[in-house]
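Architecture and fold: a report
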Amino acid sequence: MAWFLGAGASAASGIPTGYAMIRDFKAQIFCREMNLSKREIDTSDQIWIDRIDAFFRKTSLLPPDGDPTEYAKAFEAVYPQPRHRRQYIDDAISKGSLCFGHKVLGSLIASGQTDCVFTTNFDPLIEEAAHLANSILPIDNQNRPTVAAIDSADRAMRCLNESDWPLVAKLHGDYQSVSIKNTGSELEEQDARMRHVLVEVGKRLGMVFVGYSGRDASVMEVLNAVLDAPSPFPNGLYWLTSSASRLLPAVSEFLSRALATGVDVAIVECATFDELAAQIIKATDLPQRLFDWVMEGRPTPRLVPVQLPTAEARSFPILRYSSLLIESMPGKARRIKLTQHATSPVVREMLKEKGVRATVASKGREIAVFGKDRDIIEALAPLGATLDGEVELDLTTDSWAMGLVYDALVRALTRHLPLIPLYKRFGHSVVIASPRKGEDLEEGRRNASLLYNLRQAYKSDLTGTVPGLGLPFQEGLFLKLEQANGRWWLGFEPYTFVQTPHRHEGNLASVEEANTDPMSVRRDRGGDPAGDWRRERWAQRYNRNWASIIDAWAQLLTKANGNTKRAFGLPDGTGIDAVFTISSMTGWSRPGHHDVYFDRTT
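The following paragraphs examine the structure supplied in this document. (Residues numbered from 1 in each chain as written. Predicted model: local features only at pLDDT ≥ 70, side-chain atom pairs only at ≥ 80, totals over all residues. Heavy atoms only, no water.)

**Some words on the packing of helix 5 (residues 100–110) against helix 12 (residues 273–282)**
When two helices pack together, you describe them by how their axes are tilted relative to each other and by the distance separating the axes. Selection criterion: Here, axes are lines fitted to C-alpha atoms. For helices the fit covers the stretch in contact, and angles between N-to-C directions go from 0 to 180 degrees. Comment: elements are numbered from the N terminus, with helices defined as DSSP H or I runs of at least four residues and strands as E runs of at least two. Our angle categories are set so that under 35 degrees counts as roughly parallel, over 145 as roughly antiparallel, 65 to 115 as roughly perpendicular, and the remainder as oblique. The handedness criterion is simple: a crossing whose near helix is rotated anticlockwise from the far helix by less than a right angle is left-handed, and one whose near helix is rotated clockwise is right-handed. Any pair of residues with heavy atoms lying within 4.5 Å of one another is described as a contacting pair. Under this grouping Gly is polar, as are all residues other than the nonpolar Ala, Val, Leu, Ile, Met, Phe, Trp, Tyr, Cys and Pro and the charged Asp, Glu, Lys and Arg.
For the pair helix 5 and helix 12, the least separation of the axes is 7 Å and the interaxial angle reads 40 degrees. Regarding the angle of helix 5 to helix 12, the classification is oblique. For the element pair helix 5 and helix 12, the recorded crossing hand is left-handed. Together, Phe100, Gly101, His102, Val104, Leu105 and Leu108 of helix 5 and Phe273, Asp274, Ala277, Ala278, Ile280 and Ile281 of helix 12 make up the contact between the two elements. A per-class count over the contact of helix 5 with helix 12 returns nine nonpolar, two polar and one charged.

**Concerning the side chain of Thr414**
Note the threshold: The classification of residues rests on relative accessible area computed with a 1.4 Å probe and restricted to protein chains. Under 20% of the type maximum is buried, over 50% is exposed, and intermediate values are partly exposed. Any pair of nitrogen or oxygen atoms within 3.5 Å is treated as a polar contact; in protein, a donor-acceptor pairing is required on top of that, and neighbouring residues in sequence qualify only through side-chain atoms on both sides.
Looking at the element boundaries, Thr414 is found in helix 16 (residues 399–414). For Thr414, a relative accessible area of 10% gives the class buried. Within the structure, the side chain of Thr414 is placed 3.2 Å from the backbone oxygen of Arg411, a separation counted as a polar contact. In this structure, Thr414 is in contact with Leu419, Ile420, Pro421 and Val430, ignoring residues within four places of it in sequence.

**Re the sheet that holds strand 5 (residues 207–210)**
Our working rule: For two strands to be treated as a pair, DSSP must find no fewer than two bridges joining them.
Spatial ordering of the open sheet is given by 3-4-2-1-5-6-7, a layout of seven strands whose pairing is parallel. If you trace the sheet from one side to the other, it starts and ends with strand 3 (146–148) and strand 7 (265–269), each paired once. The average angle at which neighbouring strand axes cross in this sheet is 15 degrees, direction not considered.

**Topic: the environment of Leu255**
Tracing the chain through its elements places Leu255 in helix 11 (residues 249–260). Distance in space between the C-alpha atoms of Leu255 and Ala266 is 8.6 Å, their sequence separation being 11 residues.

**Observations concerning the nonpolar core**
Keep this limit in mind: In this text, buried Ala, Val, Leu, Ile, Met, Phe, Trp, Tyr and Cys residues form a nonpolar core when linked through side-chain atoms within 4.5 Å.
Core analysis: the largest hydrophobic core is formed by 50 residues, its most contacted members being Phe370, Leu454, Leu481, Leu490, Trp553 and Phe580. With nine residues, the single largest contributor to this core is helix 16. With residues up to four places along the chain from it excluded, the contact list for Leu481 reads Ile326, Met329, Leu395, Met402, Val405, Tyr406, Leu409, Trp488 and Trp489. Counting 37 residues, the second-largest nonpolar core is a separate cluster that includes Phe4, Leu167, Tyr212 and Val226.

**Considering the pairing of strand 10 (residues 358–362)**
With five of five residues buried, strand 10 is to be regarded as a mostly interior element. Because side chains alternate across strand 10, one face comprises the buried residues Ala358, Val360 and Ser362, and the other comprises Thr359 and Ala361, equally buried. Here strand 10 pairs with strand 11 (residues 366–372) via five bridges, running antiparallel. Bridge pairing links Ala361 to Ala368 in strand 11. Counting the residues that bridge the hairpin from strand 10 to strand 11 gives three residues, and of these Gly364 lies at a positive phi of roughly 85 degrees.

**Points about the pattern of salt bridges**
Two side chains of opposite charge can pair, provided their charged atoms sit close to one another. Keep this limit in mind: A pairing counts as a salt bridge when a side-chain nitrogen of Lys or Arg comes within 4 Å of a carboxyl oxygen of Asp or Glu.
All chains considered together, the criterion is met by 20 salt bridges. Taking the shortest distance from any N to any O, the salt bridge between Glu162 and Arg158 comes out at 3.4 Å. One end of the pair is Glu162 and the other is Arg158, both in helix 7 (residues 153–162) and four residues apart, which spans about a single turn. The exposure class of Glu162 is exposed, given its relative accessible area of 53%. Here Arg158 falls in the partly exposed class, since its relative accessible area comes to 33%. Note that Arg335 is salt-bridged to Glu366, the shortest N-O span being 3.3 Å. With Arg335 in strand 9 (residues 332–337) and Glu366 in strand 11, this residue pair connects regions lying 31 residues apart in the sequence. On the accessibility criterion, Arg335 (22% relative accessible area) is partly exposed. The network of salt bridges with common partners includes Arg158, Glu162 and Asp164.

**Topic: helix 7**
The cut-off we apply is this: This arc is taken over the directions from the axis of the helix to the C-beta atoms.
Looking only at helix 7, the buried set comprises Ala153, Ala156, Cys159 and Leu160. Along the axis of helix 7, the buried positions cluster into a sector of 115 degrees, meaning they face one direction only. Across helix 7 from its buried face, at more than 90 degrees, point the exposed residues Asn161 and Glu162. Check the buried side of helix 7 and you find it contacts strand 3, strand 4 (167–170) and helix 9 (192–204). Among the residues trailing helix 7, Ser163 stands out with phi positive, at a value near 50 degrees.

**So, the pairing of strand 13 (residues 419–422)**
Each regular strand shows side chains that alternate between the opposite faces of the sheet. In the sheet, strand 13 pairs with strand 14 (residues 429–432) via four bridges, with the strands oriented antiparallel. Bridge pairing in strand 14 links Leu419 to Ile432. From the end of strand 13 to the start of strand 14, which pair antiparallel, there are six residues, and Gly427 there has a positive phi angle of about 140 degrees.

**Considerations on helix 5**
In an α-helix, one turn spans 3.6 residues; hence positions three or four apart end up facing the same way. Along helix 5, 11 of the 11 residues are buried, which leaves the element largely enclosed by surrounding structure. Looking at helix 5, one finds that the buried residues are Phe100, Gly101, His102, Lys103, Val104, Leu105, Gly106, Ser107, Leu108, Ile109 and Ala110. Tucked inside the fold, the buried residues of helix 5 contact strand 1 (2–5), strand 2 (116–119), helix 6 (125–136), helix 12 and helix 13 (288–296).

Put into structure tokens, the structure is as follows:
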């Protein structure tokens, strides 16, 4: 078997992976575009990670997440000059040290049990591990590897032609190389000689892929070229990953094609290179000297015995959540069969044209829906719609069911309340409805009464215009439907929504769609003109004020009109309604045991 190592194989050594480097590059670009210092953000904080991701979703600075060119484009955007990219790589590599996996693989090379290792990494850890392992063995039993990079590919050619193993081939260069491959133009084509070596080894040996994402189109092209041979990867092909669901499309296509050509293909889920090495060494015979050396480098066990606290926990709560327990929710929806395929957006548009209120999720020639049966069937008559009983809703396994109930929940919460639902692809929201011209006096009084506690909690207007900008604003909530500890919760996050104009395909439009994050920016990358005003508005709201705001929202969402919420209020027998029962008490948390930490008075 030959080995193919990617950046993930060096992660345990303290060297950043390609994914970690992308995160670093994105953070630098984000700070540059938002005029922030890198010290002002925390890239380990999920809140900042979400903000940075949201920023790049709304710009065209980099390819989308998972795009094979994302790493190269990001690297070049931050470090345009090759010498600066080499310096960045050199600094990253200087932090690395041999991990358990490197020692095991180095021992396999030294003992003659591994002939060839390919890697896209720049670090010297594999060859260092092999040299250290060889130094432990008698000279006659040593197998010292030849190391070949893209500027010394002739060495790899010689090893291939003379079967002079072992070989360590650096496909993108070595940290000492003058040329290293990082950007799109550099990665477009593999060196012809190194490409030939990889193809020929693939014809002779099986291959194990560890820690490799498959982002490099040039490498994937070479691997696909191996499949054109009469007997590719004769001893099988093993692709190790932390999760099979995270494989990039290019990798999935390659593995499917390999399987179709008769290659024994296996996708092996394994958390780390060290974990793989621990399994391999159990089934491999190493010389005793090497085995002892390897086992000296075992990681310290993470599970160690501790003395559990015995003092009883205090009863008072420590942390209040902005979330409400959903005590009951719909378990079934109406099933309607169609004679032709239709997507959810198409079905929604047809219902909207007929003025039919319904919540729907399409599954091809079948839809699940909440609403009045007769109106829905008439509106969808062009699709040959017919009633077909009921469909069970399993939110934990079916994303369409999750989306259907999430949509219905937002509709149910806003029914009979002065709230406007905003349905977005990445999360729904509600905003407070501004008073309308010609609004019925009685309705206006009712709405004012419903919003009284909320207005008192905010100590300011809930709708209006931003001073100096004249942009309309509305207080509102981001809403989430999430499961925790076997229960479903309605999470809500207060936020001030500002309707900011932006240019989109040559037209001015509302930015309600763009305002999905506190650090949101305009699509034309002109920044958020209301950002300073919004931050100032919230800056002086401390815990006591926050508690009042959370309580007022909880009361509005649950106690107003009762805590049983219906999306449509259908009469019995006319259809299936989405009915929710929501607790009016927010979630609370307290420690599992008492600690002197909680005795603090300051």
